[in-house]
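# A closer look at the structure
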Amino acid sequence: MTPTTQAASTSARPETHANGDGTQVVVRQAAQEALLTSAIREGATRATVAAGLGALAVIHAVDAVGKWTETRYVFWLYIGAILSAVAIGGWAIFTRSRTALLAAAGLSVSVLLGYVINRTVGLPGAMDDIGNWTEPLGLASMVVEVTTAAVALAAYALGGARPRA
């Protein structure tokens, strides 16, 4: 039996390890697979949240160009949202912090709330967009913000139940 064949045949059987008192502890393959599946799912979820925050940043970077001359404070709000999205996206993807998921949802909902206020009652010095719900960047932004918030909140809510080996 070659080392490759031997490794393949032993990976299908449960591993056993000697315990300190001489008994055998069996590490079940199903438990290992559950941990791996959980890790992959968490990584994919966090990558999805980070991608959503990246899309939020790109949409607002594209729209920020016109805001510099129209309404300067809205431009700076966009820059704040962009920098926050990048920072929170990094936090979410490079750590296992559940708080990062809440921050991602909070930022997404805050930006969405700003959009709704801008389209309903307007912002000081920016009343031209009241009722303009069909602007393509605005629609894209709403989809990204709602989706990112939903994924982040679902991941946060489901994050407490992790399989154990």
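Please refer to the structure placed before this passage.
This one's a predicted model, so the numbers in the text were calculated from it and none came from an experiment. (Residues numbered from 1 in each chain as written. Predicted model: local features only at pLDDT ≥ 70, side-chain atom pairs only at ≥ 80, totals over all residues. Heavy atoms only, no water.)

### Comments concerning the layout of surface pockets
If you roll a probe as big as a water molecule over the atoms, it shows you where there is empty space left. Each pocket or cavity is described by its volume, and for the largest pocket that value is around 560 Å³. Elements represented by at least two residues in the lining of the largest pocket include exactly helix 2 (29-70), helix 3 (72-94), helix 4 (98-120) and helix 5 (136-158). Broken down by element, the residue count for the lining of the largest pocket peaks at 7 residues, all from helix 4. Of the residues that constitute the lining of the largest pocket, the class distribution is 11 nonpolar, 9 polar and 8 charged. (1 Å grid on protein atoms, 1.4 Å probe; cavity = no way out; pocket = protein on both sides within 12 Å on 5 of 7 lines; lining within 4 Å. Points joined across faces, edges and corners; volume = space filled by probe spheres on them. Helix = DSSP H or I, 4+ residues; strand = E, 2+ residues; numbered from the N terminus. Nonpolar A, V, L, I, M, F, W, Y, C, P; charged D, E, K, R; others polar.)

### Here we look at the pattern of salt bridges
Within the structure shown, the criterion is met by 6 salt bridges. Note that arginine 46 is salt-bridged to glutamate 42, the shortest N-O span being 3.0 Å. Taken as a pair, arginine 46 and glutamate 42 lie in helix 2 at a separation of 4 residues, close to a single helical turn. Judged on exposure class, the residue arginine 46 and its partner glutamate 42 are both buried. Of the charged contacts in the structure, one is a salt bridge between glutamate 135 and arginine 119, with a shortest N-O distance of 2.4 Å. Of this pair, glutamate 135 sits in the loop between helix 4 and helix 5 while arginine 119 is found in helix 4, placing the two residues 16 residues apart along the sequence. A cluster of three or more residues bridged by salt bridges with shared partners is formed by Lys67, Glu70, Arg119, Asp129 and Glu135. (Salt bridge = Lys/Arg side-chain N within 4 Å of Asp/Glu carboxyl O. Buried < 20%, exposed > 50% of the residue type's maximum accessible area, 1.4 Å probe, protein only.)

### What to know about a nonpolar patch on the surface
The grouping of Leu113, Ile117 and Val121 at the surface amounts to a nonpolar patch, some 260 Å² of accessible area in total. Mapping valine 121 onto the fold places it in the loop between helix 4 and helix 5. Here valine 121 falls in the exposed class, since its relative accessible area comes to 57%. (Patch = residues over 30% accessible without salt bridge, like charges linked within 9 Å, V, L, I, M, F, W, Y side chains within 5 Å. Areas by Shrake-Rupley, 256 points an atom, 1.4 Å probe, with all protein chains shown as cover.)

### Observations regarding the side chain of arginine 46
In this structure arginine 46 comes out as buried when scored by relative accessible area, which is 5%. Apart from residues lying up to four places away in sequence, arginine 46 is in contact with Ala92, Ile93, Thr95, Arg96, Ser97, Arg98 and Leu101. (Contact = heavy atoms within 4.5 Å.)

### What about the packing of helix 2 against helix 5?
In a pair of packed helices, the angle between the axes and the distance between the axes together describe the arrangement. Across the interface, helix 2 lies against helix 5 with an axial gap of 9 Å and an inter-helix angle of 155 degrees. As summarised for this structure, helix 2 and helix 5 are arranged roughly antiparallel, according to the angle between their axes. Crossing angle aside, the handedness with which helix 2 passes helix 5 is left-handed. Note on element contacts: helix 5 touches helix 2 through Leu137, Ala140, Ser141, Val144, Glu145, Thr148, Val151, Ala152 and Ala155, opposite Thr45, Thr48, Val49, Gly52, Leu53, Ala55, Leu56, Ile59, His60, Val62 and Asp63. In the contact of helix 2 with helix 5, the residues fall into 12 nonpolar, 6 polar and 2 charged. (Axes fitted to C-alpha atoms, helices over the stretch in contact; angles between N-to-C directions. Parallel < 35°, antiparallel > 145°, perpendicular 65-115°, else oblique. Left-handed = near helix turned anticlockwise from the far one by under 90°.)

### Thoughts on the side chain of histidine 60
Within the secondary structure, histidine 60 is located in helix 2. Given the relative accessible area of 7%, histidine 60 is considered buried. In this structure, histidine 60 is in contact with Tyr78, Ile82, Val111, Ser141 and Glu145, ignoring residues within four places of it in sequence.

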